[in-house]
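# Examining the three-dimensional arrangement
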Number of protein chains: 2
Amino acid sequence: MTGPADATFADGTRRRPPEVALYGLTPAVEQAILDAVDAGRPNQIRGLIRPLHPADVADLLSRLDVNRRRAAIEAIRTRFDPEILPYLDEAVREDVFEVMGTRDVAAALTELDSDDAVDLMTDLGEEDRHRLLEAVPAAESVVLEQGLTYPEYSAGRLMQREVVAVPTHWTVGQTIDFMRTEAELPENFQEIYVVSAGNRLDGVILLSRLLRSKRPVRVADIMATEPRSVPPATDQEEVAQMFRRYGLVSTPVVDENGRLLGRITVDDIVDVIDEEAEDDLLKLGGVSESDIASGLVETARARFVWLLVNLATAFVAASVIHMFEDTIEQVVALAVLAPIVASMGGNAGTQSLTVAVRALAMREIGRTNALRVIVKEGALGIINGALFGAIVGLVAYAWFGRPMLGVVIGLALILNLLAAGLAGMTIPLILERLGVDPAVASGVFLTTVTDVVGFFAFLGLATWLIL
Amino acid sequence: MTGPADATFADGTRRRPPEVALYGLTPAVEQAILDAVDAGRPNQIRGLIRPLHPADVADLLSRLDVNRRRAAIEAIRTRFDPEILPYLDEAVREDVFEVMGTRDVAAALTELDSDDAVDLMTDLGEEDRHRLLEAVPAAESVVLEQGLTYPEYSAGRLMQREVVAVPTHWTVGQTIDFMRTEAELPENFQEIYVVSAGNRLDGVILLSRLLRSKRPVRVADIMATEPRSVPPATDQEEVAQMFRRYGLVSTPVVDENGRLLGRITVDDIVDVIDEEAEDDLLKLGGVSESDIASGLVETARARFVWLLVNLATAFVAASVIHMFEDTIEQVVALAVLAPIVASMGGNAGTQSLTVAVRALAMREIGRTNALRVIVKEGALGIINGALFGAIVGLVAYAWFGRPMLGVVIGLALILNLLAAGLAGMTIPLILERLGVDPAVASGVFLTTVTDVVGFFAFLGLATWLIL
């Protein structure tokens, strides 16, 4: 059996891998399933997949290519574990839905927790969604439709309706007895909600607290009053920020009248944090979503759009150079050096931009410090601009033997790094204010600024000072 | 009182903010504290800060500029809540330590959970660490030093030693009675560990399960056997991956003999996930860590290094252009168009690179699919290269009226986008294999490839086909 790959530590060093396998899906199991798929042995595939955790099955499916994936789904189709569905990426999920068909998918949906079922419906097209809702039992479809009324990416969508709630006047003993006899409780919960008439949330008791209290004690006396809660319309990013900040494991969702609607648990928040981080990272890199499991044509189309936007930027930069063709004709060294000015500006600006986008996502920039961080980026631009202006100026002088060329490129670098710092910090702040996702659009604006300022300053100064 | 800023949803639209404030630190409170700091009223500062959650105080401190921050710390110094410390960024923490002095910091440390205290020691220099360990009571310093023996970024460092464990032969009733009478339990826990002789971990019982069982039932009969656990040397990224995949709330840490050492809770894992995501994002953007709260000189120095590395790349690209000076002198349009070829290659390569870095971080690329995703990126490069080759070729022809210029730039784009796709996917995979963090170094290699191939292909083809 092959061992897991060496663990790479965050500091870049490498240590011996742990001897214990953390996941059920070891490379050996994966290879065996692969072989069974290629040999066309559905019984063997089923046997190998059955002992795996649903999350591991989802992971396996996402790593197979499209044809093998369909063969594997076909093999486990009749005994498909619904719990696999919430773990699947959208692209893989579509394949699963296609192979399984509406009836089987509807049957699987009814076995999931309400939040997972609603989440699965979200990604579907209007038509598919209708077809599914019709195939689901009436009671289920009401819950699903209700869940879908909350805005996408809101607390209401993350919320699970299954909660354990007891009346304010109960004792610890009554609560424990209720839990021992009531069959229809969620499988796993960490807290009990205390509610008064009309399901109004009065307090929360952690199970560890309940367990440590004597039976005759009233729940009202041990509950945490004024519990942290969120309204259902809260953006999921805000909810994640609250979990992150206060180290929460779950939070109740409460409507405007203080009525308990459901609860959000930290495992869903971990997914939200991953999604939001992935979103920012990928958008800054010019891709709208992870396409590692998507088909070729679909991927090419998605990436094409971003490249087309960037092409427009590149033509703007080119037309700036075009303005100075006469100058370049006389001093060809300018064509050699101009990309250096633009590239340094682009890189310095990307540094500021990246810090700004992350700080905005983590709510580290607010009214009180916005101006200060902009001024700081400007100062950074001047400092590093002066340093690199000196370095590049000297190298350019040494390379081409023209002192004035060194002066021109030095000054151009100071100007461009100043522009880069200011633009890199200001553009995301402005976009955020305008309600546009700063991660997705900042890069294009920034490159336009650093290219135009870079080429214009360098070639303009050269025309003025050298010719 | 000012309301919270409008919530921006992840899809870029904007909705009414929720009426409920999710955080204790409202803009109004923040402004009041700011005013009190500026007016030099320590009593008022203390009064405003006291009702806040430690996480909110940490957030406030990180948003103040250095002078105000020190004034605020000075004001709350005598009644400083130790729980604030774990929430602070490294830069802010240093300020706090400086103002408070070794003795006060040592006193604060002893009141924290073992994992938080060890974490605080980690960022300190060797000298500061020694001084602190000497100021802490002997029993505490043993625990701290032991915690520090685990490698940084390992499960051992995240682990909390405070756990609730009961012997295998106990009943549910005995366990509940033990919890009711034992004073020294952790404040909050979701599971009970079942151990046999020598503290060997036999199983885990979720509190919700325990509560639902009758008193005479033996814990051995309701515990989950073969619980998921991690060895203390496991990289924190691996631990986070396990929590993420299986939706865990906590996990036991167990040594090679199966002995229970402690537990890792999901709130620490949320921090790890944030850190790792921030790490990848910032490194891809050319910054080593968030410097939003750092001083000017420190920030300038950190960013300088990355720009210097990029400068080397830029000079490599420039020297490729230098090789073709004679060609450019005859056809100046080449100087106008060359940056377009390089820039499109850089952007397309960054797309592949970003997808690769994220997929590696999420363990979505493995042995079974590595070759397939590389081939796919190559195919993407050819497809989008052909499309953009056609577009740019036609525009160049129209702009400069030279058909051959269009052919040359079209071919150069196909070649460069193919190189970009292959390099963007392969470079991170190779670096990961070599044990180098792909997020930090991939970008430089990629830009070198796309600049060199871009300029060389375009200017080389031009020299061959046009002159």
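Whatever comes next refers back to the structure up there.
So, here is what we can say about the structure in this document. Computed from a predicted model, the values in this text were never measured in an experiment.

## Brief notes about the packing of helix H18 (residues 333-361) of chain A against helix H19 (residues 370-400) of chain A
Two quantities define a packed helix pair, namely the angle between the helix axes and the distance between the axes. All names here are of chain A. With their axes 12 Å apart at the nearest point, H18 and H19 run at an angle of 155 degrees to one another. By the angle class used here, H18 and H19 are roughly antiparallel. Considering how the two elements wind past one another, H18 and H19 form a crossing that is right-handed. In contact with Ala-333, Val-336, Leu-337, Ile-340, Met-344 and Ser-352 of H18, H19 contributes Glu-377, Phe-388, Val-392, Ala-396, Trp-399 and Phe-400. Class assignment for the residues of the contact of H18 with H19 results in 10 nonpolar, one polar and one charged.

## Structural notes on the nonpolar core
Membership of the largest hydrophobic core comes to 83 residues, with the highest contact counts inside it found for Ile-340 and Phe-458 of chain A together with Ile-340 and Phe-458 of chain B. When near neighbours in sequence (up to four residues on either side) are disregarded, Phe-458 of chain B contacts Leu-334, Leu-337, Ala-338, Val-341, Val-408, Ile-409, Ala-412 and Val-453 of chain B.

## Focus on a nonpolar patch on the surface
On the surface, Leu-296 and Val-297 of chain A together with Ile-383 and Leu-387 of chain B cluster together into a nonpolar patch covering about 310 Å² of accessible area. Among the secondary structure elements, those contributing two or more residues to the nonpolar patch are helix H16 (296-323) of chain A together with helix H18 (370-400) of chain B. Looking at where Leu-387 of chain B falls in the secondary structure, it is placed in helix H18. Residue Leu-387 of chain B is classed as partly exposed on the basis of its relative accessible area, which comes to 41%.

## Topic: the relation of the copies chain B and chain A
With an axial shift of 0.0 Å and an RMSD of 0.1 Å, the rotation relating chain B to chain A amounts to 180 degrees. The transformation relating the two chain copies, once decomposed into turn and shift, fits a two-fold axis. When the interface residues of chain B are mapped onto chain A, 100% of them again lie at the interface, so the same face is used by both copies.

## A word on the packing of aromatic side chains
Under the criterion given, the structure shown has 10 aromatic pairs over all chains. Taking the centre distance of 4.7 Å and the plane angle of 25 degrees together, the rings of Phe-388 of chain A and Phe-304 of chain B count as stacked. Of this pair, Phe-388 of chain A sits in helix H19 while Phe-304 of chain B sits in helix H15 (residues 296-323), each in a different chain. Across this residue pair, the class does not change: Phe-388 of chain A and Phe-304 of chain B are buried. Both rings, one in Trp-399 of chain A and one in Phe-315 of chain B, keep their centres 6.2 Å apart while their planes meet at 55 degrees; by these two values the pair is tilted. Of this pair, Trp-399 of chain A sits in helix H19 while Phe-315 of chain B sits in helix H15, placing the two residues on different chains. Judged by its relative accessible area of 27%, Trp-399 of chain A falls in the partly exposed class. Taken together, the ring pairs in this structure connect Phe-315 of chain A together with Trp-399 and Phe-400 of chain B into an aromatic cluster. One Lys or Arg, Arg-228 of chain A, reaches over the ring of Tyr-246 of chain A and ends 3.6 Å from the middle of that ring.

## Things to note about the pattern of salt bridges
What the rule picks out here adds up to 46 salt bridges over all chains. Residue Glu-377 of chain B pairs with Arg-303 of chain A through a salt bridge whose shortest N-O separation is 2.8 Å. Separated into two different chains, Glu-377 of chain B in helix H18 and Arg-303 of chain A in helix H16 make up a pair that spans both. Across this residue pair, the class does not change: Glu-377 of chain B and Arg-303 of chain A are buried. One salt bridge connects Glu-30 of chain B with Arg-63 of chain B, and the closest N-O pair in it is separated by 2.5 Å.

## Focus on helix H19 (residues 403-433) of chain B
Spanning 31 residues, H19 of chain B covers 45 Å between terminal C-alpha atoms, matching the ideal 45 Å at 1.5 Å per step. A positive phi of about 80 degrees marks Gly-435 of chain B, the residue just after H19 of chain B.

## Examining the pairing of strand S7 (residues 250-254) of chain B
All names here are of chain B. Of all five residues making up S7, five are buried, and the element is well covered by its neighbours. Residues of S7 alternate between two faces, with Ser-250, Pro-252 and Val-254 on one and Thr-251 and Val-253 on the opposite face, all of them buried. In this structure, S7 lies alongside strand S8 (residues 260-265), joined through five bridges in antiparallel fashion. Counted as the bridge partner of Val-254 is Leu-260 from S8. Between S7 and S8, which pair antiparallel one after the other, the connecting turn spans five residues, and Gly-258 there sits at a positive phi close to 80 degrees.

## Quick word on unusual backbone geometry
At Asn-199 of chain A, a residue that is not glycine, the phi angle is positive and equals roughly 65 degrees. Tracing the backbone through its elements, the reader meets Asn-199 of chain A in the loop between strand S4 (191-196) and strand S5 (200-206). The class for Asn-199 of chain A is partly exposed, based on a relative accessible area of 33%. Residue Tyr-153 of chain B is not a glycine yet carries a positive backbone phi of 65 degrees. Position of Tyr-153 of chain B relative to the elements: it lies in the loop between helix H8 (138-149) and helix H9 (155-158).

## A closer look at the packing of helix H15 (residues 266-284) of chain A against helix H14 (residues 266-284) of chain B
It is the contact of H15 of chain A with H14 of chain B, at a shortest axis distance of 10 Å, that shows an interaxial angle of 5 degrees. For the element pair H15 of chain A / H14 of chain B, the angle class is roughly parallel. Facing Val-266, Val-270, Ile-273, Asp-274, Ala-277, Asp-280, Leu-281 and Leu-284 of chain A of H15 of chain A, the residues of H14 of chain B in contact are Val-266, Val-270, Ile-273, Asp-274, Ala-277, Asp-280, Leu-281 and Leu-284 of chain B. Residues of the contact of H15 of chain A with H14 of chain B, tallied by class, amount to 12 nonpolar, no polar and four charged.

Rules of the game
- Residues numbered from 1 in each chain as written.
- Chains lettered and ligands numbered in written order.
- Predicted model: local features only at pLDDT ≥ 70, side-chain atom pairs only at ≥ 80, totals over all residues.
- Heavy atoms only, no water.
- Axes fitted to C-alpha atoms, helices over the stretch in contact; angles between N-to-C directions.
- Helix = DSSP H or I, 4+ residues; strand = E, 2+ residues; numbered from the N terminus.
- Parallel < 35°, antiparallel > 145°, perpendicular 65-115°, else oblique.
- Left-handed = near helix turned anticlockwise from the far one by under 90°.
- Contact = heavy atoms within 4.5 Å.
- Nonpolar A, V, L, I, M, F, W, Y, C, P; charged D, E, K, R; others polar.
- Core = buried A, V, L, I, M, F, W, Y, C linked by side-chain atoms within 4.5 Å.
- Buried < 20%, exposed > 50% of the residue type's maximum accessible area, 1.4 Å probe, protein only.
- Patch = residues over 30% accessible without salt bridge, like charges linked within 9 Å, V, L, I, M, F, W, Y side chains within 5 Å.
- Areas by Shrake-Rupley, 256 points an atom, 1.4 Å probe, with all protein chains shown as cover.
- Salt bridge = Lys/Arg side-chain N within 4 Å of Asp/Glu carboxyl O.
- Least-squares fit on C-alpha atoms with pLDDT ≥ 70 in both.
- Phe/Tyr/Trp six-rings, centres within 6.5 Å; stacked < 30°, edge-to-face > 60°.
- Lys NZ or Arg CZ within 6 Å of the ring centre and 35° of its normal.
- Expected span 1.5 Å × (residues − 1).
- Pairing = 2+ DSSP bridges.

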